[in-house]
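Read off the chains here:
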Amino acid sequence: MKNWTSAWRNADAEVFKNIYFENAHIFPPNKPAIQGNKNILDFMKGGLGKVDVIFQPKEQIIKAEMAFEYGDFTDQEINSDKIICIGKYSVTWILEDKVWKILCHTWEMPSKI
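Below you will find a few notes about this structure. Note that the structure is predicted; figures quoted are calculated from it, not measured.

**A short note on the nonpolar core**
- Counting residues in hydrophobic clusters, the biggest one holds 26 residues, and the most contacted among them are M1, W4, W8, F16, Y20, M44 and I102.
- Only α1 (2–9), α2 (13–19), β1 (20–27), α3 (37–44), β3 (51–63), β4 (66–77), β5 (83–96) and β6 (99–112) provide two or more residues apiece to this core.
- With near-sequence residues (within four places) excluded, W4 lies in contact with F16, I19, Y20, M44, V53, F55, I102 and H105.

**Regarding the pairing of β3**
- Both β3 and β4 contribute to a ladder of 12 bridges, which runs antiparallel. Bridge pairing in β4 links I61 to F68.
- Count of turn residues in the β3/β4 antiparallel hairpin: two residues, of which A64 carries a positive phi of about 55°.

**Examining the packing of aromatic side chains**
- Taken as a whole, this structure holds eight aromatic pairs when the rule is applied.
- With centroids separated by 5.2 Å and ring planes inclined at 85°, the aromatic side chains of W4 and F55 adopt a geometry described as edge-to-face. Taken together, the residues span a long stretch of sequence, with W4 in helix α1 and F55 in strand β3 at a distance of 51 residues.
- Pairing F68 with Y70 gives two aromatic rings, centres 5.9 Å apart and planes at 40°, and the pair type is tilted.
- Of the residues examined, F68 reaches a relative accessible area of 32% and is grouped as partly exposed.
- Overall, Y70 belongs to the partly exposed group, its relative accessible area being 31%.
- An aromatic cluster is present here, built from W4, W8, F16, Y20, F55, F73 and Y89 joined pairwise through their rings.

**Overview of α3**
- Buried residues of α3: N37, I40, L41 and M44, and no others. Taken around the axis of α3, the buried residues stretch over an arc of 100°, which confines them to a single face.

**Structural notes on the pattern of salt bridges**
- Taken as a whole and judged by the stated rule, the model has seven salt bridges.
- Here D52 and R9 are joined by a salt bridge, their closest N and O atoms 2.5 Å apart. In this pair, D52 is assigned in strand β3 and R9 in helix α1, connecting sequence segments 43 residues apart.
- Judged by its relative accessible area of 14%, D52 is buried.
- Of the charged contacts in the structure, one is a salt bridge between K88 and D72, with a shortest N-O distance of 3.0 Å. Linking K88 in strand β5 with D72 in strand β4, this pair joins segments that are 16 residues apart in sequence.
- Ionic contacts of the salt-bridge type, sharing partners, join the residues K58, D72 and K88 into one network.

Definitions and limits used
- Residues numbered from 1 in each chain as written.
- Predicted model: local features only at pLDDT ≥ 70, side-chain atom pairs only at ≥ 80, totals over all residues.
- Heavy atoms only, no water.
- Core = buried A, V, L, I, M, F, W, Y, C linked by side-chain atoms within 4.5 Å.
- Buried < 20%, exposed > 50% of the residue type's maximum accessible area, 1.4 Å probe, protein only.
- Helix = DSSP H or I, 4+ residues; strand = E, 2+ residues; numbered from the N terminus.
- Contact = heavy atoms within 4.5 Å.
- Pairing = 2+ DSSP bridges.
- Phe/Tyr/Trp six-rings, centres within 6.5 Å; stacked < 30°, edge-to-face > 60°.
- Arc of directions from axis to C-beta.
- Salt bridge = Lys/Arg side-chain N within 4 Å of Asp/Glu carboxyl O.

This is a description of form; function is not addressed.
Shown next as structure tokens:
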């Protein structure tokens, strides 16, 4: 998730899009599922570069060309320590041409600070 965080913080839309598998799915809280890295970028680009997202993985499981990770995350204002919200995430990765890409990503944000 370090590459995801870097692309998100730097508002690097092309890098961010390519972190997701071409036909990836995201399941945002209280919204319809979104498929395809171009559609994911369209959905997420309003937040690119607006907050820091800090991931704290609890577990990572890697089996051949698939990996699963889940944990907690914190959204913070950029350049400050002010926490905006705290939530949980899970990500399924797939190995494509020796590069790990997100196949499925979901998160929940129950705590707004």
